Amino acid sequence: MARARTWARRRTPRGGLRGWGGVTAMAVACVITAALTLLPLSQHGGRTAGADPVGSGTTATVPVRAEVCTDPEASLPPSSADGPGIAKIKARGKLVAGVDQNSYRWGYRNPYSGELEGFDIDLVRALAKDILGDPDAVIFRAIPTNQRIAALERDRVDVIVRTMTINCKRLEQVSFSTAYFRTGQQILAPKDSPITGYDDSLKGKRVCSGEGTTAFEALEKESYGAIFRDEFDGTERDPDRLTVPNQLDCLVRLQLGEVDAVLTDNALGAGQAAQDPAVALKGSGPFTTEFYGVAAKKGADDLVARVNKVLVDYRAGGKDSAWMVSYRKWLAAGLPGITAPPAPKYRSN
Amino acid sequence: MTQLPQGGPQTQRAPEQAPAPTGLPAQRPGSWAVQSRRLRAVATTEPGRLQIIGAVLALLVVAFGAVTALEISHRASAADDVVGRSQPLSADSASIYRSLADADTMAAGGFLAGAQEPKAVQEQYRKDIEEAARLLVKASANTDSSTSSWREITTLNEVLPVYTGLIERARANNRQGLPLGGAYLRYANQKMTNELLPAAERLYAAETGRLDRDAADARRWPFLSLAAGLVVLGALVWMQRRNYRRTNRVFNHGLLVATAAASVVLLWLAVGHTVARTELRSAMTQGQESLDVLNNARINSLKARANENLTLVARGAVLTADGSADQYETDYTTGMKALRAQLKEAERLADDESGSAPVAKAAKSVTEWQERHRKARATDDQGDYEGALQQIIGAEDSTGQSFQQVDSALRTALAHEQGEFTAAAEDGRGALRGLPTGAAALAVLGAVAAILGINRRLSEYR
């Protein structure tokens, strides 16, 4: 199994702040993190040089600095103009989408219908309907978590719609649409477990995470004394016990008693809890804030602008928007209390 | 008998000395000296010499018979092991391997078919697990706990229930429509691929190695017996020549009979063992070699089929280490390549029409399988997953159908080669039948005849 970690998510720790203050704090934190971690990597012309986040009403007065990624969630303005990216899809007559088939309620294969279903899948079909006029004109490819960027770079897929967090590090390799979901890291454990969340209660416990995920990065940074690394990780002898190819494999290890807790996005953790009533998300809420976006090959600007346009339509309509309908169908049971999609942010150029 | 009264006390003393090493050490050199003095005294007279020669001849003939009986019993029991134990165990361990690989193929196929597994697939999975469990019990009953085979059997016995447990969890979750079922299936497949199948492969290699060793044991020339036979014949001829020179009598009936008996044993030994060798050799070259190649071919076809199914189960979720290609599709291609090479080898090894016909049929079905697989891949790549699924697990014109044809042709070929092996090996074993008893009886007869012959000469001095 492939374990090449060609990239690593850079987690930016943020509190649960909202509004202007939150965005400013977020931007500042992002600048600091990026300055510390990305500067050596972006010597040759950072792609976001001169990026001037302009906005949709929620954009902050970002302290703009050349060559650093300041606001990863800001994407290209929506447009339905055709370009080489769209032309390729139209010529093929099918949209090739990289999805997951293991994330309950997001992208999974329903064994009764044999069809892929979920929140991400609905979004893919909306894209196909807009570009090709047929929601079924899609080739689904299941992509492992740590192969999402490689799949785009190798042209195996047009887009990745697979609970993929937008961040600065990944923006160096791919282009993202505007954010379509807000999530964050959270600990999942058996209901009667003494583990109370991402805190000292993890000491000495075995914590499972997906290979090449934000969760693993978080544990590397602060593990609270948890055991989270496999012996022989990344070699042929890797037992795939504590770090696994897919977050759902963590639930298998948890049920078999091979690990004590799972660290993953709460959006996916809710999907795991929905499959096993004996486990629950622990703590008061996620300890990070992350946004999911649709990823396309770097430079496929026409495609990204087109996806953003579809997302505008997808979000429109208040309570009855396609987004809210899909949310109620798939996610409301596990992730209650969301009243609207995250607002989009755009760059001016 | 009355010959050589001195021999009696001498041979009887030997066992008495062993348990009482401290008993009267002073007496021993004395008695030894007395004995040898008496022997030297006897050897100075012709009757004395005759007595000694008679005793030595009788002993030689008996020793020849005993060595032959022992050596051939050993060869015969090795041949018995080949027919009755090691070859069946080698075949059983191949069946264990096959059953396990087939069970995994069925599990993946059943998952592909949806929440309700097809009855035939479910049934086949159950049979495979039963067969593997039954053969493991049989194998462990026939295996020494100090061998490497025992270790592999232990591993298989430990991991098999874990595997079936994971499959049941996969089924339970799958029936509830939860993707967790697929995750359990992948975990079970990982256990099968990383732990069960390698252990089964090592068990098969160990059992086949034991078969090779047993066959080589049975075929080893009985050098000691042959040498003893030549010495005995030489001694008998020398004695008759000595007789002739001294008495001018051409025949001594007793010695003649002893010579005849020794010659029969030697001839029987040489011919019987040569036949056994030849038959066992042909069992190994014509039967076992083909069986080995065919078993490997069958296992490769099963692995290729499991990988073909998993390509659809995983939908590209598992890639090769460098991330450039689908892991299961790559493994399928490798497996099919090995299968083709093994079928070619099996066709070369097949020595008659009824052996090569099923192999040729299997090769034809493999070609069809690969063509259909290419078409199914193309269908899947165009986005028609359901269409590809039908082309792979459908009842008609599917790769599944081709795989079944390959499997049944290989089963026929295996049964044929097994028959050839058993027939030849049993012939080989049969060639040695009666030889140990016959050699012993003839040796006693020869010894008695030799003594009578010498006594006849001896009586002329009384």
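Please read these numbers as outputs of a predicted model, since none were measured by experiment.

*Asks:* I tried to follow the overall build of chain A on my own but got confused; where do I start?
*Replies:* Secondary structure assignment for chain A yields 10 helices and 16 strands. Residues counted as buried form 59% of the 349 residues belonging to chain A. Nonlocal contacts in chain A, meaning residues at least 24 apart in sequence, comprise 71% of its contacts between residues at least 6 apart. Split by element, the accessible area of chain A, about 13,400 Å² in all, is 54% carbon and sulfur.

*Asks:* Would you take a moment to explain the state of the cysteines for this structure?
*Replies:* The bond known as a disulfide is covalent and runs between the sulfur atoms of two cysteines. Residue and element names in this part refer to chain A. Enumeration over the complete set of coordinates arrives at 2 disulfides over all chains. Disulfide pairing is shown between C208 and C250; the S-S distance is 2.0 Å. Negative torsions about the S-S bond denote left-handed disulfides, and the value of about -80° found for C208 with C250 makes this one left-handed. Taken together, the positions of C208 in strand 11 (residues 207-210) and C250 in helix 7 (residues 247-255) put the pair 42 residues apart, joining distant regions of the chain. For the residue pair C208 and C250, the accessibility class agrees, reading buried in each case. Here the cysteine-cysteine linkages of chain A are recorded as 1-2, 3-4, numbering only bonded cysteines and doing so in sequence order.

*Asks:* Could you clarify how one ought to interpret the interface of chain A and chain B in this entry?
*Replies:* How big an interface is tends to be reported as the loss of accessible area on association of its parts. Each partner contributes residues to the interface: chain A has 34 residues there, and chain B has 38 residues. With both sides pooled, the region where chain A packs onto chain B buries about 3,000 Å², and carbon together with sulfur makes up 49% of that total. Taken together, the elements giving at least two residues each to the side of chain A that touches chain B come down to strand 5 (107-109), strand 7 (138-142) and helix 7 of chain A. Among the elements that take part in the side of chain A that touches chain B, helix 7 of chain A stands out by supplying 6 residues, more than any other. Residues that form the side of chain A that touches chain B fall into these classes: 18 nonpolar, 7 polar and 9 charged.

*Asks:* I tried to follow helix 8 (residues 253-314) of chain B on my own but got confused; where do I start?
*Replies:* All names here are of chain B. Across its 62 residues, helix 8 extends 87 Å between first and last C-alpha, which sits within 8% of the 92 Å expected from 1.5 Å per residue. Where helix 8 bends most, the angle comes to about 30°, and this point is Q288. Structurally, the start of helix 8 carries an N-cap: the backbone nitrogen of G254 is 3.1 Å from a side-chain oxygen of N252. Following helix 8 by one or two positions, R315 has its phi on the positive side, about 50°.

*Asks:* Would you mind showing me how to read the confidence of the model for chain A here?
*Replies:* In low-pLDDT segments, the atomic positions of the prediction should not be examined closely. Residue and element names in this part refer to chain A. Across chain A, the average pLDDT comes to 82, with 79% of residues at 70 or higher. Confidence drops under a pLDDT of 50 for residues 1-19, and excluding neighbours within four residues, the segment shows 68 contacts in the predicted structure. Segment residues 37-66 is flagged for pLDDT under 50; beyond a separation of four residues in sequence, or across chains, it makes 49 contacts in the model.

About the thresholds
- Residues numbered from 1 in each chain as written.
- Chains lettered and ligands numbered in written order.
- Predicted model: local features only at pLDDT ≥ 70, side-chain atom pairs only at ≥ 80, totals over all residues.
- Heavy atoms only, no water.
- Helix = DSSP H or I, 4+ residues; strand = E, 2+ residues; numbered from the N terminus.
- Buried < 20%, exposed > 50% of the residue type's maximum accessible area, 1.4 Å probe, protein only.
- Contact = heavy atoms within 4.5 Å.
- Areas by Shrake-Rupley, 256 points an atom, 1.4 Å probe, with all protein chains shown as cover.
- Disulfide = S-S within 2.5 Å.
- Buried area = accessible area lost by both parts, 1.4 Å probe.
- Nonpolar A, V, L, I, M, F, W, Y, C, P; charged D, E, K, R; others polar.
- Expected span 1.5 Å × (residues − 1).
- Bend = angle between axes of the 7 residues up to and from the residue.
- Polar contact = N/O pair within 3.5 Å; in protein donor to acceptor, adjacent residues only side chain to side chain.
- pLDDT = per-residue confidence, 0-100.

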